[in-house]
Amino acid sequence: MTRKFALAAAVATGLTLGVALPAAAAPTVVAVAQDPITEADVEAKAAEFEVVIEALAAEAEGIRADASLSDEQKNARIDAAIAAKQPEIDAFLAYLEAFIRQEAGSEGMDAAQTDMVVDMIRSQFAQLPAALKSGEFSGMGG
């Protein structure tokens, strides 16, 4: 795995959470053909996304701390908070996927290997609801 793949993996793994990319969102939102994504671009997007995800985590923490709510109500409100941020989550995940696919193409990685890396990133995002509901969300970078 090259430094650029390692960067994308580190960004996603550093989240220690996530939301699965819905099939409808599978077409990559980012066009890479004209302007290649650089490492600096990925780092900048990660910094922007960190603000979004940390705000979401704080909101979930406040919901979990509300003693007037049942567990069912807490889960429903956290689900609603996640749903409100879903477009930003999907966009960031699509951006990482575009970067990975761009790098894979430039390095001659086969489709199966590329899909394996993308699936690893998606699996990190698939942990978001449970992490926010349980309070185990550790934020960006651990």
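Look up: the structure comes first, before these words.
Values in this document were obtained by computation on a predicted structure and should not be read as measured data.

A.B. asks: Can you walk me through the overall build of the protein chain in this structure?
C.D. replies: Helix and strand counts for the protein chain come out as 5 helices and 0 strands. Its helices and strands in sequence order give the protein chain the pattern α-α-α-α-α, from N to C terminus. A burial count over the protein chain gives 40% of its 142 residues as buried. Long-range pairs, those at least 24 residues apart, make up 85% of the contacts in the protein chain between residues at least 6 apart in sequence. In the form shown here, the protein chain has an accessible surface area of approximately 7,300 Å², with 55% of it arising from carbon and sulfur atoms.

A.B. asks: Can you walk me through the pattern of salt bridges in this structure?
C.D. replies: Charged atoms that come close allow side chains of opposite charge to pair. Applying the stated criterion to the full structure yields 5 salt bridges. Put simply, Lys85 and Glu88 hold a salt bridge, and the shortest N to O gap is 3.7 Å. Residue Lys85 and its partner Glu88 are both found in helix H3 (residues 71-107); the two are separated by 3 residues, about one turn of the helix. Salt-bridge contacts for Asp115 lead to Arg101; the nearest nitrogen and oxygen are separated by 3.1 Å. Highlighted residues: Asp115 in helix H4 (residues 111-125) and Arg101 in helix H3, separated in sequence by 14 residues.

A.B. asks: What should I look at first to understand the nonpolar core in this one?
C.D. replies: As a rule of thumb, soluble globular proteins bury nonpolar side chains together. In this structure, Leu56, Ile82, Ile89, Phe125, Leu128 and Leu132 are the most contacted members of the largest nonpolar core, which totals 29 residues. Contributing elements (two or more residues each) for this core: helix H2 (39-65), H3, H4 and helix H5 (128-134). Element by element, the count of residues in this core is highest for H3, at 11 residues. Leaving out residues up to four positions away in the same chain, Leu56 has contacts with Ala81, Ile82, Lys85, Ile89, Leu128 and Leu132.

A.B. asks: Help me understand the packing of H2 against H3 in this model?
C.D. replies: Helix-helix packing is described using two parameters, namely the angle between the two axes and the distance between the axes. At their nearest, the axes of H2 and H3 sit 10 Å apart, and the two run at 170 degrees to each other. Viewed along their axes, H2 and H3 adopt a mutual orientation that is roughly antiparallel. Residues Glu39, Asp41, Val42, Lys45, Ala46, Phe49, Val52, Leu56, Glu59, Ala60, Ile63 and Arg64 of H2 form the contact with H3, whose own contacting residues are Lys74, Arg77, Ile78, Ala81, Ile82, Lys85, Glu88, Ile89, Phe92, Tyr95, Leu96 and Phe99. Taken together, the residues of the contact of H2 with H3 sort by class into 15 nonpolar, no polar and 9 charged.

A.B. asks: I would appreciate a short explanation of H3 in the present structure.
C.D. replies: For an α-helix the count is 3.6 residues per turn, leaving residues at separations of three or four pointing the same way. The axis of H3 is deflected most strongly, by about 55 degrees, at Lys85, and proline Pro87 appears within four residues downstream. Looking one or two places after H3, you find Gly108, whose phi comes out positive at around 75 degrees.

Rules and cut-offs
- Residues numbered from 1 in each chain as written.
- Predicted model: local features only at pLDDT ≥ 70, side-chain atom pairs only at ≥ 80, totals over all residues.
- Heavy atoms only, no water.
- Helix = DSSP H or I, 4+ residues; strand = E, 2+ residues; numbered from the N terminus.
- Buried < 20%, exposed > 50% of the residue type's maximum accessible area, 1.4 Å probe, protein only.
- Contact = heavy atoms within 4.5 Å.
- Areas by Shrake-Rupley, 256 points an atom, 1.4 Å probe, with all protein chains shown as cover.
- Salt bridge = Lys/Arg side-chain N within 4 Å of Asp/Glu carboxyl O.
- Core = buried A, V, L, I, M, F, W, Y, C linked by side-chain atoms within 4.5 Å.
- Axes fitted to C-alpha atoms, helices over the stretch in contact; angles between N-to-C directions.
- Parallel < 35°, antiparallel > 145°, perpendicular 65-115°, else oblique.
- Nonpolar A, V, L, I, M, F, W, Y, C, P; charged D, E, K, R; others polar.
- Bend = angle between axes of the 7 residues up to and from the residue.

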